[in-house]
Amino acid sequence: MAKIIVITSGKGGVGKTTTSAAISTGLAKRGYKTVVIDFDVGLRNLDLIMGCERRVVYDFVNVIKEEANLNQALIKDKRVDNLYILPASQTRDKDALDLEGVKKVIDDLAKDFAYIICDSPAGIEKGAMMAMYFADEAIVVTNPEVSSVRDSDRVLGILASKTQRAEENQEPVKESLLLTRYSPERVEKGEMLSVDDVKEILAIPLLGVIPESQSVLNASNSGQPVILDEESDAGNAYEDAVARLLGEEVPHRFLDIEKKGFFGRLFGG
Amino acid sequence: MSFMDFFRANRKKSASVAKGRLQVIIAQQRAEVGGPDYLRVMQEEILAVVKKYVEVDDDAVKVQMEKAGECEVLELNITLPDGHVA
């Protein structure tokens, strides 16, 4: 049975695609056959973050419209075995997606894959609804900032009412929080909401905290999922999140400031 | 908390302001979402009626829809000003 996980947030620019790329790569690295689908029809970006933009021939919409078959559209990652990308169409709009078509593609993929990662577009319009509709689990990507937290809460409400699991009265979609762009220094100064603040407000389990890191931009510049950068704190934090997703108990790192010397502590930042 | 922070302590930290604002707006958002669309308009109309008889603040009327088991409960709260004699 394939597990379907949606990466969602409501607000744009918080790190959904970065997270989709990192989590899917992490799962594949651990030997699970994984496909990551870009639901952002018209604003395709996952291919860039995954570094396969020049290999896109057919896309998700072509498969839905039966203009191509899945094997023609799936792009096999060149770095990691077991990892496939299904890119979004860049020329159509979100109306090209319909529940029936999406269901057929997901059902086909489910026969062959252990994990199906759905990279949701921002907003709560059609593309986002399609990305979350068939999900078993949802990773809600949130920045420690008021508009992102508010949008995440809105998305949690929609996950609880507008998904297949909600409509068919099945066990609810399993939700977890991924806090990104976290800066322990700013939290310490009282300038940024803390992990505990966000957890208290959203009241869902914490999957991980990704520190604000230069390595994320470096990764997207070069089209390498940041999880492949084993030197980087953000990459390591994603590695931990993948372990937790698989049920392992891993302590949270990168929540505290690296220890400063005596004068550093005396005069603060 | 560093030594220098002692002198900055009188300024309210922006993170705690953010948390307070979020708690209020999210409680309101959760109450409104899923409820019928007419709640906002109804709230305005009730406020207008109340104002015909009593001088109240613009936020004196609170309307909230809640689920209690199978029943939906419409809760209406009207705050009258201090010292008002009915």
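In case you missed it, the structure is sitting above this.
A. Just the overall build of chain B, in detail. Secondary structure assignment for chain B yields three helices and two strands. Traced from its N-terminal end to its C-terminal end, chain B shows the element sequence α-α-α-β-β. Split into buried and exposed, the 86 residues of chain B put 22% on the buried side. For chain B, the exposed area adds up to about 6,800 Å²; of that, 55% sits on carbon and sulfur atoms.

B. Representation of the overall build of chain A within the structure. In terms of helices and strands, chain A carries 13 helices and eight strands. Here chain A has a C-alpha radius of gyration of 18 Å; the compact-globule value for 269 residues is 18 Å, and the two agree. Taken along the three principal axes of its C-alpha coordinates, chain A extends 65 × 40 × 35 Å. Within chain A, the proportion of its 269 residues that are buried is 53%. A separation of at least 24 residues holds for 74% of the contacts in chain A among residues at least 6 apart in sequence. Placing the 33 positive and 44 negative side-chain charges of chain A at their respective mean positions leaves the two points 2 Å apart.

C. Looking closely at the packing of helix H1 (residues 16–29) of chain A against helix H12 (residues 233–245) of chain A. Residue and element names in this part refer to chain A. In contact at an axis separation of 9 Å, H1 and H12 are set at 65° when each is read in the N-to-C sense. The handedness of the crossing between H1 and H12 is right-handed. Residue-level contacts link Thr18, Thr19, Ala22, Ile23, Gly26, Leu27 and Lys29 of H1 to Tyr238, Glu239, Ala241, Val242 and Leu245 of H12. When its residues are assigned to classes, the contact of H1 with H12 shows seven nonpolar, three polar and two charged.

D. Representation of the packing of aromatic side chains within the structure. All names here are of chain A. The final tally for this structure, using the stated rule, is four aromatic pairs over all chains. Seen in terms of ring centroids, Tyr32 and Tyr115 are 5.4 Å apart; in terms of plane orientation they differ by 85°. Their pairing is edge-to-face. Within this pair, whereas Tyr32 is found in the loop between H1 and strand E2 (34–38), its partner Tyr115 is found in strand E5 (residues 115–119), the two being separated by 83 residues in sequence. With relative accessibility at 33%, the residue Tyr32 sits in the partly exposed group. For the pair Phe39 and Phe60, a centre-to-centre distance of 5.1 Å together with 75° between the ring planes defines the contact as edge-to-face. Residue Phe39 is located in the loop between E2 and helix H2 (46–50), and its partner Phe60 is located in helix H3 (residues 60–64); the two are separated by 21 residues in the primary sequence. An identical accessibility class is assigned to Phe39 and Phe60; each is buried. Across the ring face of Phe113, the terminal group of Lys33 is positioned such that the distance to the ring centre comes to 4.9 Å.

E. Molecular detail of the pairing of strand E8 (residues 206–211) of chain A. All names here are of chain A. With six of six residues buried, E8 is to be regarded as a mostly interior element. Inspection of the sheet shows strand E7 (residues 174–182) paired to E8 by four bridges, in the parallel sense. Looking at the pairing, Tyr182 lines up with Pro211 of E8.

F. Up close: the pairing of strand E1 (residues 3–8) of chain A. All names here are of chain A. Across the six residues that make up E1, a large majority, five, are buried. The pairing of E1 with strand E6 (residues 137–142) spans four bridges and is classified as parallel. Pairing of Thr8 across the sheet is with Val140, part of E6.

G. Seen up close, the nonpolar core. Counting residues in each nonpolar core, the largest one holds 56 residues, and the members touching the most others are A:Phe39, A:Phe60, A:Leu86, A:Val102, A:Leu109, A:Ile116 and A:Leu159. By size, the runner-up hydrophobic cluster in this structure holds 34 residues, among which are A:Tyr115, A:Ile139, A:Ala237 and A:Tyr238.

H. Layout of the side chain of B:Gln29. Tracing the sequence through the fold places B:Gln29 in helix H2 (residues 14–32). Residue contacts for B:Gln29: discarding those within four places in its chain leaves A:Arg150, A:Asp153 and A:Arg154.

I. Summary view of the sheet that holds E1(A). All names here are of chain A. One open sheet holds the eight strands; their spatial order is E3-E4-E2-E5-E1-E6-E7-E8, and the pairing between them is mixed. Looking at the sheet topology across the chains shown, the edges are occupied by strand E3 (75–76) and E8. With six bridges connecting them, E6 and E7 associate as parallel partners. When the sheet's bridge partners are listed, Val141 is paired in E7 with Leu178. Running at roughly 175° to E8, H12 makes contact with E1, E6, E7 and E8 of the sheet.

Reading the values: the criteria
- Residue positions are counted from 1 within each chain, in the order its sequence is given.
- Numbering of ligands from 1 and lettering of chains from A proceed in the order in which they are written.
- Selection of residues for local features in this predicted model requires a pLDDT of at least 70, selection of side-chain atom pairs for listing and counting requires 80 or more, and totals for whole chains, interfaces and linings are taken over all residues.
- Side-chain numbers here rest on the full set of heavy atoms in the structure, without hydrogens or water.
- For helices the rule is a DSSP run of H or I covering at least 4 residues; for strands it is a run of E covering at least 2, with both sets numbered from the N terminus onward.
- Exposure is judged per residue with a 1.4 Å probe applied to protein chains only, and the accessible area is read against the type maximum: over 50% gives exposed, under 20% gives buried, and values in between give partly exposed.
- Reported accessibility uses the Shrake-Rupley method at a 1.4 Å probe radius. Residues are deemed covered only where the shown protein chains occlude them.
- Computation of the radius of gyration draws on C-alpha atoms, with the globule rule given as 2.2 Å multiplied by the number of residues to the power 0.38.
- Residue contacts are defined here by distance: any two heavy atoms, one from each residue, within 4.5 Å place the two residues in contact.
- His is not counted here, nor are the chain ends, while Lys and Arg score as positive and Asp and Glu score as negative.
- Charge positions come from single atoms, namely NZ of Lys, CZ of Arg, CG of Asp or CD of Glu.
- Axis angles are defined between N-to-C directions and span 0 to 180 degrees, where every axis is a line fitted to C-alpha atoms and, for a helix, only to the segment in contact.
- Rotating anticlockwise by less than a right angle from the far helix to the near helix defines a left-handed crossing, while the corresponding clockwise rotation defines a right-handed one.
- Residue polarity is assigned by list, with Asp, Glu, Lys and Arg as charged and Ala, Val, Leu, Ile, Met, Phe, Trp, Tyr, Cys and Pro as nonpolar; anything else, Gly included, falls into the polar class.
- Only the six-membered ring of Trp is used, alongside the rings of Phe and Tyr, when aromatic pairs are assigned; centres must lie within 6.5 Å, and planes under 30 degrees apart are stacked while those over 60 apart are edge-to-face, with the rest tilted.
- Counted as over-ring charges are cases with an Arg CZ or a Lys NZ within 6 Å of the ring centre that also lie within 35 degrees of the ring normal.
- Strand pairing is assigned whenever DSSP identifies at least 2 bridges connecting the two strands.
- In these notes, a set of buried Ala, Val, Leu, Ile, Met, Phe, Trp, Tyr and Cys residues joined through side-chain atoms within 4.5 Å is what counts as a nonpolar core.

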